[in-house]
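Examining the three-dimensional arrangement
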Amino acid sequence: MAEDTLHKQFPPYVPAAGEEYMSEKQLAHFRAILDSLKGELVDDIERTVHTMQDEATVFADPNDRASQESDIALELRNRDRERKLIKKIDETIGRIEAGEYGYCDSCGVEIGLKRLEARPTATLCIDCKTLEEMRERQVAK
């Protein structure tokens, strides 16, 4: 969810005619998206910590206390998801620095600019991702 909405402020990258895939300009574009996304997530996490500290109220009513605990649990689950996304962003930035960004981990083909615009942390091309999801569905049955 967070990844899908936070980086939409960046216009899609339009390569110049004959521009090489994963050129310096393209890498800089995706790096900027990832850095911005990470910054937003870190800010959200810090804001949550401060809010939770400020709202640390002990309610005498068991219903109020249960409601507060439920809210806190939901917030912590969301922050845990965001923490995992930050880890994935850091790994993706490492891929950019290593010159491995934009290529499928499974088959080595280009992931494609449009797919990376939609999901900048993608590590699989659409075909390999589809196969992975099909295998996951078969195992889940």
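Residues numbered from 1 in each chain as written. Predicted model: local features only at pLDDT ≥ 70, side-chain atom pairs only at ≥ 80, totals over all residues. Heavy atoms only, no water.

Note the threshold: UniProt positions are given in the numbering used here, feature names are shortened, and annotations may be inferred rather than shown by experiment.
For the chain, the name recorded in an unreviewed UniProt entry is RNA polymerase-binding transcription factor DksA, with Thauera phenylacetica B4P as its organism. Looking at the chain in UniProt, the text filed under Sequence similarities (unreviewed entry) is "Belongs to the DksA family." Check the Subcellular location (unreviewed entry) section of the UniProt entry for the chain; it says "Cytoplasm".

**Remarks on the overall build of the chain**
Rules: Strands here are runs of E lasting at least two residues and helices are runs of H or I lasting at least four, both read from the DSSP assignment and numbered beginning at the N terminus. The globule rule is 2.2 Å times the number of residues to the power 0.38, and the radius of gyration it is compared with is taken over C-alpha atoms. Note on exposure labels: buried denotes an accessible area under 20% of the residue type's maximum, exposed denotes more than 50%, and partly exposed covers the range between, all computed with a 1.4 Å probe on protein chains only. A contact between two residues is defined here by any heavy atoms of the two lying within 4.5 Å. In this description, accessible areas are obtained by the Shrake-Rupley approach with a 1.4 Å probe, and a residue is regarded as covered only by the protein chains that are shown. Positive charges come from Lys and Arg alone, negative charges from Asp and Glu alone, with His and the N- and C-terminal ends not counted. For the purpose of locating charges, the reference atoms are NZ of Lys, CZ of Arg, CG of Asp and CD of Glu.
Looking only at helices and strands, the chain features five helices and zero strands. For the chain, the C-alpha radius of gyration of 19 Å lies well beyond 14 Å, the compact-globule estimate for 141 residues. Principal-axis analysis of the C-alpha atoms gives the chain an extent of 70 × 40 × 25 Å. When each of the 141 residues of the chain is scored for burial, the buried share is 31%. Nonlocal contacts in the chain, meaning residues at least 24 apart in sequence, comprise 58% of its contacts between residues at least 6 apart. Accessible surface for the chain amounts to roughly 9400 Å². Of this, 54% is attributable to carbon and sulfur atoms. Mean positive and mean negative side-chain charge positions of the chain (21 and 30 charges, respectively) differ by 5 Å.

**Details of the UniProt feature "binding site: Zn(2+)" (unreviewed entry) in the chain**
The sites that UniProt annotates as "binding site: Zn(2+)" (unreviewed entry) are Cys 104, Cys 107, Cys 125 and Cys 128. For the residues just named, distributed over 25 residues, the greatest C-alpha separation is only 8.1 Å, placing them together at one site. Within the fold, Cys 107 resides in the loop between α3 (62-98) and α4 (113-118). When sequence neighbours within four positions are dropped, the list of residues in contact with Cys 107 reads Cys 125 and Cys 128. Tracing the backbone shows Cys 128 in helix α5 (residues 126-140). For Cys 128, the contacting residues outside a window of four places in its chain are Cys 104, Ser 106 and Cys 107.

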